[in-house]
Amino acid sequence: MPGIKPGMTKYLGEKSVPNKLNEARKQLARANRMIANEGVLDAFGHVTMRHPTDPGRYLMSYSRGPELVQPEDILEFTLDSQIVKPVEMRLYGERVIHGEIYKARPEVNAVCHHHAPSILPFCISGAELKPVYHLGATIGEKAPFWDSRDEFGDTSLIVAKPEEGASLARALGSHWIVLMRRHGATVAGKTLEELTFRTIYTARNAAMQIQAHTLGTVSPLNAAETALAGEYNLRPGPVARAWEYWSVRLDKAEGTVRKRAAKPARRAGKSTKSKRKR
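An account of the accompanying structure is given in this report. One numbering rule holds for all chains: residues counted from 1, following each sequence as written. For this predicted model, a pLDDT threshold of at least 70 governs which residues receive local features, and a threshold of 80 or more governs which side-chain atom pairs are given and counted, while totals over whole chains, interfaces and linings are taken from all residues. Working from all heavy atoms in the structure, the side-chain values ignore hydrogens and water.

Our focus in this paragraph is the pattern of salt bridges. Whenever a carboxyl oxygen of Asp or Glu lies within 4 Å of a side-chain nitrogen of Lys or Arg, that contact is scored as a salt bridge. In the structure shown here, the tally under the stated rule is 14 salt bridges. Salt-bridge contacts for Glu151 lead to Arg170; the nearest nitrogen and oxygen are separated by 3.3 Å. Residue Glu151 is found in helix α4 (residues 148-152), and its partner Arg170 is found in helix α5 (residues 162-172); the two are separated by 19 residues along the sequence. Relative accessibility decides the category of a residue: with a 1.4 Å probe and only protein chains considered, values under 20% of the type maximum give buried, values over 50% give exposed, and everything between is partly exposed. On the accessibility criterion, Glu151 (48% relative accessible area) is partly exposed. Numbering goes from the N terminus for both helices and strands, where a helix is a DSSP run of H or I of at least four residues and a strand is a run of E of at least two.

Okay, here's the thing in structure tokens:
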């Protein structure tokens, strides 16, 4: 506005417009570190999200351990997994996992690929991953398998070619997690927060399923229970509660937690009630 000096707009009732891309970078970097802090990601694996204003692009860090990812590390890619603005840093080799899923599933806005220790026994053995408690219901009705050998024979197991990523996306289908034989898992979500919730709790469900087998027969949720519990736990309230909890745990781990300001002490005033005489 003419004649208005910088900083004066806040006194005129004009609100600053948040930069959606910058905010998305912050949240994506935090999600990488949160999932790593909860023991699902280690030096390998990656988390991405669809671009907040351009559905034909997605956001991903350059190649580094998820626990180290910062907002300035986040880059833009096309759905063909080509970087929008070339950089000198090394990029993740399995970008096509994300790009091909975003192509195939318009409703998916976040993806995580990981090799969690609790998930790998299922990937190695071929045993079916089932929801065994209410928070594990975010697995959904089924966790399908994908085996690179079926279409591509002997490979390095790294999903680096577009046709491999497309094959994985087909195996995922309409589901929310796909187990990759002898490799790991890929998880999808409608939002970054939902993805984080599903990624962490499916890994914990896997650990509990293995532990329960040592005690005897496992009694998983049935289809109706899975649908009802999954819908309940993915509501905004539970998802936000978990995100806040993991976020504070991350802050504590990074030494950046903010202490709540102490409430000011009440000033001692004269009592309006007369004290009873003994």
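Alright, that's what it looks like, and here's the rest.
Attention now goes to helix α7 (residues 223-233). Among all positions of α7, only Thr226, Ala229, Gly230 and Asn233 are buried. Looking down the long axis of α7, one finds its buried residues gathered within 100° of arc, a one-sided arrangement. Exposed and oriented more than 90 degrees from the buried face of α7 are Ala227, Leu228 and Glu231. Two to three positions downstream of the cap, the backbone nitrogen of Ala224 sits 3.1 Å from a side-chain oxygen, assigning the N-cap of α7 to Asn222. Arc, as used here, means the arc of the directions from the helix axis to the C-beta atoms. Polar contacts, as counted here, are pairs of nitrogen or oxygen atoms within 3.5 Å of one another; within protein the pair requires one atom able to donate a hydrogen and one able to accept it, and residues that are adjacent in sequence qualify only if both atoms are side-chain atoms.

Only buried Ala, Val, Leu, Ile, Met, Phe, Trp, Tyr and Cys residues count toward a nonpolar core, and they belong to the same one when joined by side-chain atoms within 4.5 Å. In terms of nonpolar packing, the biggest core is built from 66 residues, with Val47, Ile119, Leu129, Ile177, Leu179 and Leu192 touching the most fellow members. Any two residues whose heavy atoms approach within 4.5 Å are treated as being in contact. Residues contacting Leu179, with those up to four places away along its chain left out, are Ile119, Phe122, Cys123, Leu129, Ala143, Pro144, Phe145, Trp146, Gly184 and Ala185.

Bringing the pairing of strand β1 (residues 46-50) into the picture now. Buried residues dominate β1, accounting for 5 of its 5 residues. Across the two faces of β1 the burial is the same, with His46, Thr48 and Arg50 and Val47 and Met49 all buried. Only when DSSP finds a minimum of two bridges between them are two strands counted as paired. Bridge count between β1 and strand β2 (residues 57-61): 2 bridges; the pairing is antiparallel. Each bridged residue has a counterpart across the sheet, and for Met49 the counterpart in β2 is Leu59.

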